[in-house]
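Chain by chain, the residues:
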Amino acid sequence: MELLVASAIGVLTAGGVYLILRLRAFPVILGLSLLSYAVNIFLVSTGRLAINAPPILNKYADVSYTDPLPQALVLTAIVISFGMTAVLVMFTLGAYLEAGDDTIDMTATEEKDDAA
Amino acid sequence: MTTQSSLLPIIALLPFLGALVPGIMIRAGRTATATFTAVPTVLALVMLGTLAPGVMEGTVYTMSIPWLPQLGLEAAFFLDGLGLMFACMILGVGLLITLYARYYLSGEDPAGQFYTYLLLFQGAMLGIVISDNILLLLIFWELTSLSSFLLIGYWKHLPEGRQGARMALTVTGAGGLAMIGGMLILGNIAGSYNLTDILAAGDAIKASDWYTPAVILILLGAFTKSAQFPFHFWLPHAMAAPTPVSAYLHSATMVKAGVFLMARMWPALSGTELWFYAVATTGLVTMVMAAVIALFKDDLKGLLAFSTVSHLGLLTMLLGFGTEAAAIAAVFHILNHLTFKAALFMTAGIIDHEAHTRDIKRLGGLAKLMPITAVIGTVAALSMAGIPLFNGFLSKEMMLEEASHTYWWENPWIVPALATFGALFSVAYSLRFIFHVFGGPVRDDYPHKPHDPPAGMWLSPAFLCVFVVLIGVAPFLAEDVVNMAATAVTGHETHAHLKIWHGVTPALYMSMAAVAGGAVLLLLHRPLDAAWIKAGPFYAKSAFDAVIAGCVRLSRGISDTLHDGSISRYLAIFTAATVTVGYVAFLRGEIAPATREMLPIPPVVAVGWVLLVCATAVIVLQHHMRYRALVVLGVIGLMISAGFIYISAPDLALTQISVETVTIMLLLLALHFLPKTTPQENSAGRRALDGLVAVAAGVGVAALSFAFMTRDFSSISDFHLANSYKGGGGTNVVNVILVDFRGYDTYGEIIVLGIAGLVIFALMEALLSGPAGARLRNSGYNFDRSHDRHPLMMVIATRVMMPIALMVGVYIFLRGHNQPGGGFVAGLVFSIALLMQYMASGFGWTSRRQQFEYHAMIGWGVVIAGLTGMGAWLSGTPFLTSAFGYVHLPPIEEFELATAALFDLGVFLCVLGAVMLMLYSLSRMARHAGETVNTEPMDYDPSRPRKMVEKGKA
């Protein structure tokens with residue numbers, strides 16, 4: 001089980017890194033989404049895996065619980081990463097509409113304009 | 001004997017507070033601003049006056065206020081003889097300059113600005129001389145660099161002013177940086193940053209291994225500030241400043257800061273070979289070189305600038321000798337140089353002001369036209385030359401006396417010979433100042449007919465000249481002051497006896513030689529000058545400019561190489577570097593053996609894993625087809641949600657699946673306006689390289705997380721589990737952590753989310769009103785699509801589902817404290833329910849029925865959460881402490897009421913508002929592009945002709 005989770009994190013990370021190295025904004029957004037999946041699972045996994053032990057207190061029986069802290073952190077991280085994706089999407093749209101394409105690198109002329 | 005005095009911090013602060021006034025009353029005119037500039041100066045002088053008698057008797061006044069004790073930084077001040085002498089000089093000359101500048105500045109110059117800068121500088125300089133803490137001293141030191149930059153560049157319209165200001169800031173600022181290093185070392189050796197402790201630890205400092213670097217770094221600071229060779233070149237260029245500035249900063253105060261520092265550190269640092277050879281040699285070389293150059297300067301202020309450099313060299317040399325007598329001579333000369341040089345600068349300013357030129361070759365004969373100025377200038381210049389009965393003679397004799405028995409590398413004559421040589425040139429340029437400016441016949445080709453200025457202008461230099469003559473004739477008058485300061489410098493009581501006639505000594509012969517030789521040099525000035533010009537002297541400015549240009553080229557080269565505008569390149573470098581660091585750490589460290597048993601793999605999980613891996617592979621390989629990649633992204637999200645359920649994280653599963661839905665909707669909306677495919681732009685090699693980086697990163701992260709999961713750990717979570725119900729009143733520990741234990745974090749996070757929503761709204765607003773909006777309007781709406789925009793089935797289905805979906809949301813919200821759910825998830829569920837209406841029934845129809853402002857929702861969310869947190873103050877507990885109780889109303893079961901639920905309501909509102917605002921902004925774009933807004937939910941009637949439906953751009 002641990003092996004599956006670890007390898008899934010690895011695959012998502014590799015895919016995410018490959019995609020953020022592309023030249024267009026859309027694959028970069030996809031890549032960032034993959035990376036946030038990977039990071040979120042990674043953070044949850046730092047609480048170690050446990051099955052059938054949700055951190056919901058049981059009043060009637062003495063049972064074990066998984067670590068709730070990483071879960072709380074990841075919960076907000078999921079929502080925040082959505083916000084970040086939305087802002088990026090908006091940048092992409094703006095850049096596309098202003099410049100006519102969605103490349104993320106500056107061209108030589110753009111850089112010159114920037115310096116001037 | 002030390003005494004506390006609370007006056008010291010007030011004295012230090014006064015100029016800074018006073019600096020505000022002239023700046024504010026910039027329109028009030030020169031007289032008013034000058035008056036208000038004088039007020040803080042006079043006040044500070046009076047306060048010093050009350051302390052002066054005590055200091056004369058040997059009392060040291062101190063005052064210390066803790067500032068950043070962790071850094072060893074204290075607002076500590078102390079006043080001893082040396083500090084008092086300098087403070088009086090700074091304030092006294094400051095007062096004279098204030099008066100002088102009132103008449104020097106023209107009505108068009110912004111006088112308020114000038115006086116503000118002047119007071120800033122005065123405060124900084126005063127701070128240097130009365131600081132007890134060397135870190136505080138460094139702060140004031142840098143402030144003098146900055147304020148002098150402002151003063152030198154005061155005439156912003158003059159390119160020389162701007163260049164001179166930049167050069168001065170570069171040189172003195174660089175020196176200041178070196179000095180910071182030196183001071184930190186010094187503080188480290190002495191174990192304290194307080195000057196009094198450092199001065200007492202002189203022997204330990206000299207014995208330390210770090211003595212050499214400390215001395216070199218501190219001297220770099222002092223030499224750059226006091227314009228010592230080879231850093232002397234900034235001072236002549238700083239002469240582009242208005243003359244009052246030159247007189248104040250570049251003769252009397254700032255350039256003396258380096259000398260002051262050497263005098264201050266004298267007991268701690270001097271007396272070693274290194275000190276002697278570094279300081280005395282630099283001083284000697286500077287003195288001679290600058291004196292020679294000064295003779296050939298035609299610009300009055302240029303002549304005075306090099307003469308100042310030369311005299312600063314003289315002072316440096318005296319301090320470098322390391323003997324007590326030399327220190328006394330140095331202190332005395334500081335005083336004398338102040339009086340005659342400031343007077344000379346002001347004289348030069350008067351001449352410039354009246355004749356409209358400072359070129360000595362265009363002047364001459366001014367004695368007849370401006371007799372008062374001529375008397376002042378002559379008296380001061382004779383003192384500079386070292387003629388008896390003027391004060392310059394006394395200290396110069398003392399200098400020559402010290403030089404006459406100083407051995408340099410076991411050579412007895414080199415120092416006295418060079419000192420005499422320097423003195424000779426000093427006489428020559430002083431006499432040139434007198435004879436070529438005031439002497440000779442009256443000319444008829446001055447740019448402006450000169451005459452004596454108003455009294456306000458010559459009073460200041462005249463006042464200084466009184467001292468020149470008074471001390472020159474009756475030197476014993478200055479004895480007390482010199483002894484007071486010299487005692488402070490050397491650390492033990494000195495008994496200097498200042499007198500004019502010392503008998504026939506070597507110094508007398510040297511002096512006579514200098515005067516005679518100087519007179520001869522002046523007579524030979526014309527042929528010598530021609531030869532000098534022919535030889536084409538070396539200009540340090542060109543070297544400085546070359547160095548600066550080199551630095552600029554270098555940094556531009558580096559940043560252009562590293563920062564070439566390619567984001568993918570930075571990302572690649574960043575990822576590769578991070579991965580490398582990780583691998584290095586992994587290979588060099590040790591890893592504990594695995595302690596946890598691995599869990600078994602049920603088949604259903606394996607299937608999920610395969611789906612996830614395949615989906616990722618499809619995205620990576622097929623990301624060019626954007627729709628396809630987006631759909632497959634949803635698969636990954638679903639698998640992860642399912643996985644969260646399996647590994648006991650139900651809250652995360654709920655959140656993930658609702659976020660996934662919203663994200664896909666958002667990306668679909670965005671893709672509507674973006675190209676639908678990604679072109680293949682990378683070479684195969686580049687892709688292989690990227691793939692390598694990606695795989696390395698993936699393997700590294702996988703290994704790391706595997707190592708994590710197979711090892712046991714200790715966590716603080718037991719506390720949360722134990723206190724969740726008892727302290728927080730909820731059984732869902734994750735939710736209790738969010739709204740209670742870590743409520744502060746959550747509060748910050750909802751604010752961030754709200755800001756993200758507002759940012760998107762604002763961006764869209766700016767975008768649509770700019771050129772992008774115009775492009776969007778002209779893009780031509782694509783009619784080639786289904787006309788059934790709002791299919792009947794979907795409209796009906798979503799309307800039926802709406803109440804159910806909202807109910808689910810409410811349910812999830814209410815159970816959140818005890819079961820999986822809560823404000824975050826409920827907010828997302830609500831937004832999905834609303835979004836479905838927008839999608840199914842259309843924008844116009846929905847927004848007419850949806851009356852809430854999303855901005856306000858974000859605002860209310862933050863306000864409610866914040867108020868709930870503040871409510872805790874009422875019961876005297878810290879921010880966001882939650883309270884809860886159980887209520888029993890007869891018809892229903894007992895239930896719990898918790899303030900945490902109110903906080904969660906804030907979270908809910910904020911999430912809902914932010915998500916809706918984001919998607920709302922995107923859909924506004926569609927309308928901008930010409931998409932029609934339906935008035936009816938089902939506005940497609942197949943029986944109507946097509947044109948009726950498509951209003952398009954019409």
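Residues numbered from 1 in each chain as written. Chains lettered and ligands numbered in written order. Predicted model: local features only at pLDDT ≥ 70, side-chain atom pairs only at ≥ 80, totals over all residues. Heavy atoms only, no water.

Enquirer: What is the right way to look at the overall build of chain B in this model?
Expert: A count of helices and strands for chain B gives 40 helices and 5 strands. Taken over the C-alpha trace, chain B has a radius of gyration of 40 Å; the compact-globule value for 954 residues is 30 Å, which it surpasses by more than 25%. Taking as baseline every contact in chain B between residues at least 6 positions apart, the subset at least 24 positions apart corresponds to 80%. Carbon and sulfur atoms make up 70% of the accessible area of chain B, which amounts to about 40700 Å² in all. A distance of 13 Å separates the average location of the 53 positive side-chain charges in chain B from that of its 56 negative side-chain charges. (Helix = DSSP H or I, 4+ residues; strand = E, 2+ residues; numbered from the N terminus. Rg over C-alpha atoms; globule rule 2.2 N^0.38 Å. Contact = heavy atoms within 4.5 Å. Areas by Shrake-Rupley, 256 points an atom, 1.4 Å probe, with all protein chains shown as cover. Lys, Arg positive; Asp, Glu negative; His and termini not counted. Charge placed at Lys NZ, Arg CZ, Asp CG, Glu CD.)

Enquirer: Sorry if this is basic, but what is going on with empty space enclosed by the protein here?
Expert: Going through the model one piece at a time under the given rule, you end up with 6 cavities of 30 Å³ or more. Size it by volume and the largest cavity reaches roughly 140 Å³. Lining the largest cavity are 13 residues, with Ser36(A), Tyr37(A), Ser81(A), Val659(B) and Thr663(B) sitting closest to its centre. Elements with a contribution of two residues or more to the lining of the largest cavity: α2 (25-45) and α3 (68-99) of chain A together with α29 (650-671) of chain B. (1 Å grid on protein atoms, 1.4 Å probe; cavity = no way out; pocket = protein on both sides within 12 Å on 5 of 7 lines; lining within 4 Å. Points joined across faces, edges and corners; volume = space filled by probe spheres on them.)

Enquirer: Sorry if this is basic, but what is going on with the interface of chain A and chain B here?
Expert: Think of interface size as the accessible area that goes away when the parts come together; that is how it is often given. Every contact between the two is made by 82 residues of chain A and, on the other side, 110 residues of chain B. Carbon and sulfur atoms supply 77% of the area that chain A and chain B bury against each other, a total of about 8900 Å² over both sides. Of the charged contacts in the structure, one is a salt bridge between Arg626(B) and Asp102(A), with a shortest N-O distance of 2.9 Å. For the side of chain A that touches chain B, the secondary-structure elements that each account for two or more residues are α1 (2-20), α2 and α3 of chain A. The element contributing the most residues to the side of chain A that touches chain B is α3(A), with 25 residues. By residue class, the composition of the side of chain A that touches chain B is 54 nonpolar, 18 polar and 10 charged. (Buried area = accessible area lost by both parts, 1.4 Å probe. Salt bridge = Lys/Arg side-chain N within 4 Å of Asp/Glu carboxyl O. Nonpolar A, V, L, I, M, F, W, Y, C, P; charged D, E, K, R; others polar.)

Enquirer: For this particular structure, what's the right way to read the domain arrangement of chain B?
Expert: Per the domain assignment, the segments making up chain B are domain 1 (1-171 + 190-201 + 236-256), domain 2 (279-520) and domain 3 (734-954). Distance between the C-alpha centres of domain 2 of chain B and domain 3 of chain B: 81 Å. (Domains from an automatic or database assignment.)

Enquirer: Quick question: what am I supposed to make of the pairing of strand β3 (residues 73-79) of chain B here?
Expert: Each regular strand displays side chains that alternate between the two surfaces of the sheet. All names here are of chain B. When you tally the buried positions in β3, you get 6 out of 7 residues, the bulk of the element. Where strand β2 (residues 60-68) meets β3, 7 bridges bridge the pair, whose relative direction is antiparallel. Its bridge partner lying in β3, Tyr-61 is registered against Leu-79. Between the antiparallel neighbours β2 and β3 lie 4 residues, among them Gly-72 with a positive phi of about 80°. (Buried < 20%, exposed > 50% of the residue type's maximum accessible area, 1.4 Å probe, protein only. Pairing = 2+ DSSP bridges.)

Enquirer: Just to check I follow, could you spell out the side chain of Thr678(B) for this structure?
Expert: With respect to the helices and strands, Thr678(B) occurs in the loop between α29 and α30 (684-709). Among the polar contacts made by the side chain of Thr678(B), one reaches the side chain of Arg626(B) at a distance of 2.8 Å. When residues no more than four places from it in sequence are discounted, the contact partners of Thr678(B) are Arg24(A), Pro27(A), His623(B), His624(B) and Arg626(B). (Polar contact = N/O pair within 3.5 Å; in protein donor to acceptor, adjacent residues only side chain to side chain.)

Enquirer: How should the nonpolar core be read in this particular structure?
Expert: One broad rule of soluble globular proteins: the nonpolar side chains tend to lie buried together. Residue and element names in this part refer to chain B. In this structure, Leu-79, Met-85, Phe-114, Met-183, Trp-234, Leu-269 and Leu-366 are the most contacted members of the largest nonpolar core, which totals 201 residues. In terms of residues, this core owes the most to one element, helix α16 (residues 324-355), which gives 20 residues. Here this core spans two domains, since at least three of its residues come from each of domain 1 (1-171 + 190-201 + 236-256) and domain 2 (279-520). Contact partners of Met-183, with chain neighbours within four places excluded, come to Ile-134, Leu-137, Leu-138, Tyr-193, Ile-218, Leu-261 and Met-265. Within the second largest apolar cluster, 130 residues are counted, among which are Leu-674, Ile-760, Phe-903 and Phe-908. (Core = buried A, V, L, I, M, F, W, Y, C linked by side-chain atoms within 4.5 Å.)

Enquirer: For this particular structure, what's the right way to read the packing of helix α18 (residues 371-385) of chain B against helix α20 (residues 414-438) of chain B?
Expert: Residues and elements named next belong to chain B. Direction vectors running N to C along α18 and α20 enclose 165°, while the axes themselves pass 8 Å from each other. Comparing their axes, α20 and α18 come out roughly antiparallel. You can see that α18 and α20 cross each other, and the crossing is left-handed. Across the interface between the two elements, Thr-373, Ala-374, Gly-377, Thr-378, Ala-381, Leu-382, Met-384 and Ala-385 of α18 pack against Ser-426, Val-427, Tyr-429, Ser-430, Phe-433, Ile-434 and Phe-438 of α20. Classifying every residue of the contact of α18 with α20 by side-chain character gives 10 nonpolar, 5 polar and no charged. (Axes fitted to C-alpha atoms, helices over the stretch in contact; angles between N-to-C directions. Parallel < 35°, antiparallel > 145°, perpendicular 65-115°, else oblique. Left-handed = near helix turned anticlockwise from the far one by under 90°.)

Enquirer: So what exactly am I meant to see when it comes to the packing of α3(A) against helix α32 (residues 733-741) of chain B here?
Expert: A pair of packed helices is characterised by two quantities: the angle between their axes and the separation of those axes. The N-to-C vectors of α3(A) and α32(B) enclose an angle of 60°; their axes lie 9 Å apart at closest approach. Our classification of the angle between α3(A) and α32(B) gives oblique. Judged by the twist between their axes, the crossing of α3(A) over α32(B) is right-handed. Here Pro68(A), Leu69(A), Gln71(A), Ala72(A), Leu75(A) and Thr76(A) of α3(A) come into contact with α32(B), specifically with Val733(B), Val734(B), Ile737(B) and Leu738(B). A breakdown of the residues in the contact of α3(A) with α32(B) according to their chemical character gives 8 nonpolar, 2 polar and no charged.

Enquirer: Hey, could you run me through the sheet that holds strand β1 (residues 2-4) of chain B in this one?
Expert: Whenever strands of a sheet pair, they do so through backbone hydrogen bonds, lying parallel or antiparallel. Residue and element names in this part refer to chain B. Sheet architecture is open: 3 strands sit in the order β1-β2-β3, paired in mixed fashion. Looking at the sheet topology across the chains shown, the edges are occupied by β1 and β3. Averaged over neighbouring strand pairs, the angle between their axes works out to 30° when direction is ignored. Both β1 and β2 contribute to a ladder of 3 bridges, which runs parallel. Bridged to Thr-3 within β2 is Tyr-61.

Enquirer: Honestly, the packing of aromatic side chains in this entry has me stumped. Any pointers?
Expert: Residues and elements named next belong to chain B. Enumeration according to the criterion identifies 23 aromatic pairs over all chains in this entry. For the pair Tyr-100 and Tyr-104, a centre-to-centre distance of 5.9 Å together with 20° between the ring planes defines the contact as stacked. Taken together, the residues Tyr-100 and Tyr-104, both in helix α3 (residues 81-104) and 4 residues apart, mark about one turn of the helix. Exposure remark for Tyr-100: the relative accessible area of 0% places this residue in the buried category. (Phe/Tyr/Trp six-rings, centres within 6.5 Å; stacked < 30°, edge-to-face > 60°.)

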